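Survey of secondary and tertiary structure
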Amino acid sequence: ALSGSDTGIGHALAKHLDSLGFVVFAGVLNKDGPGAEELRRTCSQRLCVLQLDITNATQVKEAYLTVSEKVQNAGLWGVVNNAGILGFPADGELLPMSAYRHCMEVNFFGAVEVSKTFLPLLRKSQGRLVNMSSMAGGIPLPRYAAYGASKAALSMFSGVMRQELSKWGIKVAAVHPSGFRTGIQGTAEQWDKQEKELMENLPADTRRAYGEEYLLGLRNHLLHLPSHCAPDLSPVLGAVLHALLAKRPQGLYTPGKGAYVPLCIFCCFPLWFYDFF
C-alpha cells in the first residue's frame, strides 16, 4: 500500500511494482484525477486505486478497511509513506506559519497516521514500513526550513519505529532522495497563492531588510529547480524496492548523486565548513 500515487515517485512506484507482479494499493489524493485515471488505464487488474488524503483520518481508516478486506489471510507486506508537499521554498523568517503547519500536517502527521493505522496488518505479515523523507530532512538546506523540519521529524519517527517494531520482525526504512524531478514542486497557481500569502504577511521592516529584488527572486529559484533535478527516478525506485524486498534492508537510503556528499560533509567536517559549502 502506498500514498501519493497521483504523480512523481508514488505514481512511478505504483506502475513499477504492478509491472513486477505485486498487488498494489495505490492511494491517491484525487481518485478522479489524471494520475489515478492513468493508473487504472495502464496497470493490471491487480492494482487497486484508493481515495487517500492522508490528512483526513476518515479516509485513512476507510483505506485501511478496504485493504484489510482485500488481503484477508494473504496479509499486507508493505506500506510506503510517499505522499508529501514541498511548499514555497523561501527563507524561514519569510515563510508564514501556515506553511510550517501545512508541511507538518502532510509530511509528518499524515505519515504517522497512516503508519499507526496500518501497523496491525504489518505485524501479522512481519512486513515493511518505508518512509519517503528527503535529503533536506537529514541536513540543513537554505530555504527549506518548513519542508526540512517536517521531513526531519519523519526521519526521526522512522528511526524510533525501526527500533521499537523490530521485536515483531517489522523492518522500517527511511529514504532520503536528493533532487529528482517528481512534480512535488507544484503548479504555477499553487506558487502564486503561496507567494501572495508570503508577501501579504511580511512586516515592513522584514521586507526592507530582504529587499524587493530578493523577494522577487524567490520565484526564480523555484522556476530553476527542475533543471537541477534528475529526471530518471530509477535510483529512488531501486531503493524502495530494496527496502521492501531485501532480507536485511538498510535503515537509511540516500539515492541520487547529490545525496551522499553533503551528508558526509555534514557528518564528518566542522559545521562552519558545511555552512560555507
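Residues numbered from 1 in each chain as written. Predicted model: local features only at pLDDT ≥ 70, side-chain atom pairs only at ≥ 80, totals over all residues. Heavy atoms only, no water.

What counts is decided by this rule: UniProt positions are given in the numbering used here, feature names are shortened, and annotations may be inferred rather than shown by experiment.
The name an unreviewed UniProt entry gives the chain is DHB2 dehydrogenase, with Mohoua ochrocephala as the organism. Under the heading Sequence similarities (unreviewed entry), UniProt records this for the chain: "Belongs to the short-chain dehydrogenases/reductases (SDR) family."

Quick word on the overall build of the chain
Under the convention used in this document: Secondary structure elements follow DSSP: runs of H or I of four or more residues count as helices, runs of E of two or more count as strands, with numbering from the N terminus. Each radius of gyration reported is based on C-alpha atoms, and the globular scaling rule is 2.2 Å times the count of residues to the power 0.38. Whether a residue is buried, partly exposed or exposed follows from its accessible area with a 1.4 Å probe, protein chains only, as a fraction of its type maximum: under 20%, in between, or over 50%, in that order. Computed with the Shrake-Rupley method and a 1.4 Å probe, the accessible areas treat only the protein chains shown as cover for residues. Only four residue types enter the tally: Lys and Arg on the positive side, Asp and Glu on the negative side, with His and both chain ends excluded. A charge is said to be at NZ when it belongs to Lys, at CZ for Arg, at CG for Asp and at CD for Glu.
Counting its regular elements, the chain contains 11 helices and six strands. In summary, the chain has a C-alpha radius of gyration of 19 Å against a globular reference of 19 Å for 277 residues, a match within 12%. Within the chain, buried positions represent 48% of all 277 residues. Carbon and sulfur atoms make up 58% of the accessible area of the chain, which amounts to about 14,100 Å² in all. A distance of 12 Å separates the average location of the 26 positive side-chain charges in the chain from that of its 23 negative side-chain charges.

What to know about the layout of surface pockets
Basically, it comes down to this: Here a cavity denotes a set of grid points, spaced 1 Å apart and computed over the protein atoms alone, in which a 1.4 Å probe fits but from which it cannot get out, and a pocket denotes an open set meeting protein on both sides within 12 Å along at least five of seven lines; residues with an atom within 4 Å of a point are reported as lining. Grid points are joined across faces, edges and corners, and a volume is the space filled by probe spheres set on the points. Note on residue classes: Ala, Val, Leu, Ile, Met, Phe, Trp, Tyr, Cys and Pro are nonpolar, Asp, Glu, Lys and Arg are charged, and everything else, Gly too, is polar.
Here the second largest pocket defines a volume of roughly 360 Å³. Broken down by secondary-structure element, the contributors of at least two residues to the lining of the second largest pocket are helix H3 (57-71), strand E3 (78-81) and helix H9 (234-245). Of the residues assigned to the lining of the second largest pocket, the class counts are 15 nonpolar, three polar and two charged.

Focus: the sheet that holds E3
Heads up, the condition is: Strands are treated as partners if at least two bridges between them are detected by DSSP. Contacts are residue-level and defined by heavy atoms, with any inter-residue pair within 4.5 Å sufficient. Axis definition: a line fitted to C-alpha atoms, over the contacting stretch in the case of helices. Angles run 0 to 180 degrees between N-to-C directions.
If you trace the four strands from one edge of the open sheet to the other, you get E3-E4-E5-E6, paired in parallel fashion. Two strands close off the open sheet at either side, each with one partner strand: E3 and strand E6 (252-253). Pairing geometry for E3 and strand E4 (residues 128-132), over four bridges, is parallel. Residue pairing for E4: asparagine 81 is matched across the bridge by asparagine 131. Seen against the sheet, helix H5 (residues 145-165) touches E4 and strand E5 (171-175) and runs at an angle of roughly 160° to E5.

Some words on the pairing of strand E1 (residues 25-28)
As a reminder, the rule being used: Orient the strands so they point away from the viewer; a crossover is then right-handed if the path from the first strand over the helix to the second runs clockwise.
In E1, alternate side chains face the same way, and those of Phe25 and Gly27 on one face and Ala26 and Val28 on the other are all buried. Chirality of the crossover, the property in question, places the unit of E1, helix H2 (residues 34-42) and strand E2 (residues 48-51) among those that are right-handed.

Describing a nonpolar patch on the surface
To keep it simple, the criterion reads: The patch calculation keeps residues exceeding 30% relative accessible area without a salt bridge and links them within 9 Å when they carry like charges or within 5 Å when they are nonpolar (Val, Leu, Ile, Met, Phe, Trp, Tyr). Within this document, salt bridges are pairs made up of a side-chain nitrogen of Lys or Arg and a carboxyl oxygen of Asp or Glu, the two lying within 4 Å of each other.
Together, Leu20, Phe22, Trp77 and Leu245 line one region of the surface with nonpolar side chains, adding up to about 360 Å² of accessible area. As for its placement among the helices and strands, leucine 245 is situated in helix H9.

So, the packing of aromatic side chains
Let me state the cut-off plainly: Two aromatic rings from Phe, Tyr or Trp, using only the six-membered ring of Trp, form a pair when their centres are within 6.5 Å; if the ring planes differ by under 30 degrees the pair is stacked, by over 60 it is edge-to-face, and anything between is tilted. Geometrically, a charge over a ring is one whose NZ (Lys) or CZ (Arg) sits within 6 Å of the ring centre while staying within 35 degrees of the ring normal.
Applying the stated criterion to the full structure yields eight aromatic pairs. Put simply, the rings of Phe108, Phe109 and Phe157 pair up and form one aromatic cluster. One Lys or Arg, arginine 123, reaches over the ring of tryptophan 168 and ends 4.6 Å from the middle of that ring.

Describing the pairing of E2
Bridging between E1 and E2 involves four bridges; their strand directions are parallel. For glycine 27, the partnering residue across the bridge sits in E2 and is leucine 50.

Remarks on the environment of valine 175
Tracing the backbone through its elements, the reader meets valine 175 in strand E5. Distance from valine 175 to proline 96, taken between C-alpha atoms, is 28 Å for residues 79 residues apart in sequence. Not counting the four nearest positions on each side in its chain, valine 175 is found in contact with Val130, Asn131, Met132, Ser133, Ser134, Ala239, Val240, Tyr253 and Pro255.

Some remarks on unusual backbone geometry
Notably, glutamine 72 is not glycine yet its phi reads approximately 40°, a positive angle. Even without glycine at this site, arginine 143 takes up a positive phi of about 80°. Note on placement: arginine 143 falls in the loop between E4 and H5.

Some details on the nonpolar core
The following threshold applies: The definition of a nonpolar core used throughout is a set of buried Ala, Val, Leu, Ile, Met, Phe, Trp, Tyr and Cys residues joined through side-chain atoms within 4.5 Å.
Counting 31 residues, the largest nonpolar core has Phe25, Val67, Leu76, Val79 and Phe118 as its most contacted members. Listed by contribution, the elements that provide at least two residues to this core are E2, H3, helix H4 (97-125) and H5. The element best represented in this core is H4, accounting for nine residues. Not counting residues up to four positions away in its chain, the partners in contact with valine 79 are Ala1, Val114, Phe118, Leu122, Arg128, Leu129 and Val130.

Comments concerning the pattern of salt bridges
A complete count under the given rule lists five salt bridges for this structure. With a closest N to O distance of 3.0 Å, arginine 40 and glutamate 37 form a salt bridge. With arginine 40 and glutamate 37 both in helix H2 and three residues apart, this pair spans about one turn of that helix. In this structure arginine 40 comes out as partly exposed when scored by relative accessible area, which is 39%.

What about H9?
Cut-off, in case you're wondering: Expected helix span is given by 1.5 Å per residue-to-residue step, counting one fewer step than there are residues.
In a regular helix each residue adds 1.5 Å, so 12 residues correspond to 16 Å; H9 covers 16 Å between its end C-alpha atoms and thus fits that length. For H9, the set of buried residues is Val236, Leu237, Ala239, Val240, Leu241, Ala243 and Leu244. In the core, the buried residues of H9 are packed alongside helix H1 (8-19), E3, E4, E5 and E6.

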